[in-house]
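Reading the structure
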Amino acid sequence: MSMFVAKSFTKTLTNFLINGIIYMSIIFWRILMKEKFKIWAFSKEHGKCDVITLIIYLLGVCTVSFFHEPWFDEAQAWAIARSGTIKEILFEIPHYEGHPPLWHLILAPFAKLGAPYELSLAAVNIFFMTLAVAVLLFKSPFPKLIRCLLPFNFFLFYQYGVVSRPYCILVLAIFLAAVCYKNRNEHPVKYLLCLTLMCAIHSMGIIIAGAFCIVWLCEIFAEKYRAGKLATVFKDKRCWLMASLLILVLLIIVEIFPHYNTYTPSSSNTDELFSFNFSISTLLRFMLIITEATVGQMPPGPQYIYDYISLIPLCALSFFLFALCCMLFCKNKKLSIFLLTYTLFASFCVLLYSSVHHMGLVMILLIYLFWIILDENGRIELPKFFVSLYNSVGNALKIAIKIIAFLPLIVPITWTGASSYLDIRYPYWLNEAADFIKEYDLEDYRILSPWTQELVEDPEDVWGVDEATLDWEDYPLINGIAVALDPYFDYNVFYNFNIDDPEQTFQWHKSTTEEENEEIFAKWREQGPPDVVLDRCQITKVYPDIDVNDYVAVKRIEVYKPYKFKTDKQYITIYVTKDLFNKIGTLKEITAKKLY
């Protein structure tokens, strides 16, 4: 019954949001059609509106960031910067993090000097993202209306503006590359420096910059061939600069290439990571990326039949959008950049590793492509087929087509509003957990942080089955809860986290063998059984003689992690021993599943 109510509520909310977007689009279009507004909206002059937009953007991002609690990957970066040595940051950690160390090096002075955690992390991110938006506002050739709305795109505002990660610098580098693109042949150093920054900040930047360089190199070869000077191509300064960048990229790849025991959510070693599985679902995921980046939102997981059904219109929309982009960029002579960059990027995402926030880089790529087209041509050329079709329909359909054309601009703004509201309205969970631990002085006792466990069985075969009856694979070095909570304390409060070096508050994404697991568990046992357990876990695997009835649940904390229109709602349960429960005296027992 509750599932039926939840689905009905979700369906009603979705219909309400869709109807709201359509209604807002119609109102927006009516305003747009007013002559004075049209003159302002389609002007490319820079002025007060750009300054006002930048101020509103900065105030908005600062406001949402004030309420935002850093997620795990934000905390992990800060922990690396705070407790990792420079040698580890440069030469060891990148093999397990999967991206270059520049972001950690930028955070290191703040973290190592004891600057406030949340404030410093947000300030660094906002600084770079505000620079990126300033470049967009004051240097891009977009009309005023588009230019002033783009900063409030979901990825530019929330995912890369509020959530503190290295993408803020990657976006800045891509926008700077767009500025330098038009004169890249006359001033190749400036353009190559932008691409270098892209490579130095993230592995996704290497993919994007690599695609840009391949296309540019092909253009140089074609230019030399047409001039009859193909033999001189290797004397060209641009080729030597790209060769220098290639050497740097190879060094970065060596630096970040995963070790054999590197753990990811989809693999526990490099053999699994690079074992590609091609299927129809792989192709669909490849295509769905463009929709996820622009106007759609994939369901959280195929748990119910309606999740599969909802993919049908999304897949159709994805193929339509991909074909539309191909035709547009072909007409404007940028098809090679789009196809190569999207293919390399999407292939990496579906075959190796990706998360939903990576999809926003496709939106940034589209902004980059339209930017360089407008810079070169002053306008976006439409295929003759589109023009003929548009001229053959009635006025009502023409208005509908124009409204639909603005949806990729409007829909992501509604995502921004929804995610910002959810982030402000609901706490993530970390502050509440840290406050609870501090309130009852639990940091003075042995606190066990749950380690990562993965099901041996197929998750779809055990849906709804109690975890205590299942077989699990253990990864005791991976303690996400400990990483996320430790920045709120002056030291590592979890006795089982990095037990060989408790000064380190970041986790190594290392998979371990059963023998290594037993050695780690033995060290935990030497410390004695835990007084406090954060979240339900298989404690009897570590302490076979322990009685789970000796632990009582005393706190349940709701976890909210927003993404577009939805929020991933879970909960964390805190357990204490009965002796500690009686000793404190003011705790209240709650109903919850027992440890197992």
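Source: prediction; values computed, not measured.

What counts and what doesn't
Residues numbered from 1 in each chain as written. Predicted model: local features only at pLDDT ≥ 70, side-chain atom pairs only at ≥ 80, totals over all residues. Heavy atoms only, no water. Pairing = 2+ DSSP bridges. Helix = DSSP H or I, 4+ residues; strand = E, 2+ residues; numbered from the N terminus. Buried < 20%, exposed > 50% of the residue type's maximum accessible area, 1.4 Å probe, protein only. Polar contact = N/O pair within 3.5 Å; in protein donor to acceptor, adjacent residues only side chain to side chain. Contact = heavy atoms within 4.5 Å. Expected span 1.5 Å × (residues − 1). Phe/Tyr/Trp six-rings, centres within 6.5 Å; stacked < 30°, edge-to-face > 60°. Lys NZ or Arg CZ within 6 Å of the ring centre and 35° of its normal. pLDDT = per-residue confidence, 0-100.

Some remarks on the pairing of strand β6 (residues 566-577)
Inspection of the sheet shows strand β4 (residues 532-534) paired to β6 by 3 bridges, in the antiparallel sense. What sits directly across from Leu-534, in β6, is Ile-574. With 12 bridges connecting them, strand β5 (residues 551-563) and β6 associate as antiparallel partners. Bridge pairing links Lys-555 to Ile-574 in β6. Following β5, the chain reverses through 2 residues before pairing antiparallel with β6; Lys-564 in that reversal takes a positive phi of roughly 60°.

Topic: the side chain of Asn-269
Its location among the elements puts Asn-269 in the loop between α14 (237-256) and α15 (270-273). When its relative accessible area of 12% is taken as the criterion, Asn-269 is described as buried. Within the structure, the side chain of Asn-269 is placed 3.0 Å from the backbone nitrogen of Asp-271, a separation counted as a polar contact. Ignoring any residue separated from it by four or fewer positions in sequence, one finds Asn-269 in contact with Tyr-260 and Thr-262.

Section: the environment of Cys-315
Of note, Cys-315 is situated in helix α17 (residues 305-331). By relative accessible area, Cys-315 is classed as buried at 12%. For the pair Cys-315 and Met-287, spaced 28 residues apart in sequence, the C-alpha to C-alpha distance is 7.2 Å. In contact with Cys-315, not counting residues within four places along its chain, are Leu-284 and Leu-288.

A short note on helix α13 (residues 203-226)
The end-to-end C-alpha distance of α13 is 35 Å, a good match for the 34 Å that 24 residues give at a rise of 1.5 Å each. Following α13 by one or two positions, Gly-228 has its phi on the positive side, about 70°.

Things to note about the packing of aromatic side chains
As enumerated under the stated definition, the model contains 39 aromatic pairs in all. Three or more aromatic residues joined by ring pairs make a cluster, and in this case those are Trp-71, Phe-154, Phe-155, Tyr-158, Tyr-160, Tyr-167, Trp-415, Tyr-428, Trp-429 and Tyr-563. One residue, Arg-184, lies across the ring of Tyr-181, its end atom 3.9 Å from the ring centre. Over the ring of Tyr-390 we find Lys-398, and its NZ or CZ is 5.3 Å from the ring centre.

Observations concerning the confidence of the model for the protein chain
With 90% of its residues at a pLDDT of 70 or more, the protein chain shows a mean pLDDT of 90. Low pLDDT, under 50, characterises residues 1-7; the stretch is placed with 2 contacts to residues that sit more than four places away or in other chains.

Description of unusual backbone geometry
The residue Lys-333 is not glycine, and still its phi comes out positive at about 60°. Examined against the element boundaries, Lys-333 turns out to sit in the loop between α17 and α18 (335-351). Positive phi, close to 85°, is recorded for Asp-535, a residue that is not glycine. On the secondary structure map, Asp-535 appears in the loop between β4 and α25 (539-542). The exposure class assigned to Asp-535 is buried, which follows from its relative accessible area of 18%.

Considerations on the sheet that holds β4
In space, the 4 strands of this open sheet follow the order β1-β4-β6-β5, with mixed pairing throughout. Of all the strands in the sheet, just β1 (447-448) and β5 have a single pairing partner and so form its edges.

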